[in-house]
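# Residue-level structure breakdown
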Amino acid sequence: MPKLKTHSGAKKRFSLTKSGKVKRAMTKKRHLLNGHGKTTKLKRALRGTTYADKTNVSAVKRMLPYQ
């Protein structure tokens, strides 16, 4: 059986935790944090990482076969 290819866009944006959750980085969204109408507290909260929505977990795991 041939090796599966990892989706190159997904490997830059997602990673899996030890428990199997999909961690989502705030990549490509830095420009959204520069605008007006956002408090410093809100921008600081949006800076970090979060977990992917449960509806997208299976799709992300298919794109990252060896994680």
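The preceding data block contains the structure.
What this report covers is the structure whose coordinates are included nearby. Owing to the predicted nature of the structure, the values given are computational and were not obtained by experimental measurement.

## Quick look at the environment of threonine 55
For threonine 55, the position within the fold is in the loop between strand 3 (50-51) and helix 3 (57-63). A distance of 2.5 Å separates the side chain of threonine 55 from the side chain of aspartate 53, its partner in a polar contact.

## Some thoughts on a positive patch on the surface
Positive charge collects at one region of the surface, where Arg30, Lys41, Arg44 and Arg47 lie side by side. Examined against the element boundaries, arginine 44 turns out to sit in helix 2 (residues 40-46). Classification of arginine 44 by relative accessible area gives partly exposed; the value is 48%.

## Some points on the sheet that holds strand 3
Read across the open sheet, the three strands follow the order 1-2-3; overall the sheet is antiparallel. Either end of the sheet is taken by a strand with one partner, and the two such strands are strand 1 (14-16) and strand 3. Both strand 2 (residues 22-24) and strand 3 contribute to a ladder of two bridges, which runs antiparallel. Among the inter-strand pairings, lysine 23 is bridged to a residue of strand 3, identified as tyrosine 51.

Rules used in this analysis
Residues numbered from 1 in each chain as written. Predicted model: local features only at pLDDT ≥ 70, side-chain atom pairs only at ≥ 80, totals over all residues. Heavy atoms only, no water. Helix = DSSP H or I, 4+ residues; strand = E, 2+ residues; numbered from the N terminus. Polar contact = N/O pair within 3.5 Å; in protein donor to acceptor, adjacent residues only side chain to side chain. Patch = residues over 30% accessible without salt bridge, like charges linked within 9 Å, V, L, I, M, F, W, Y side chains within 5 Å. Areas by Shrake-Rupley, 256 points an atom, 1.4 Å probe, with all protein chains shown as cover. Salt bridge = Lys/Arg side-chain N within 4 Å of Asp/Glu carboxyl O. Lys, Arg positive; Asp, Glu negative; His and termini not counted. Charge placed at Lys NZ, Arg CZ, Asp CG, Glu CD. Buried < 20%, exposed > 50% of the residue type's maximum accessible area, 1.4 Å probe, protein only. Pairing = 2+ DSSP bridges.

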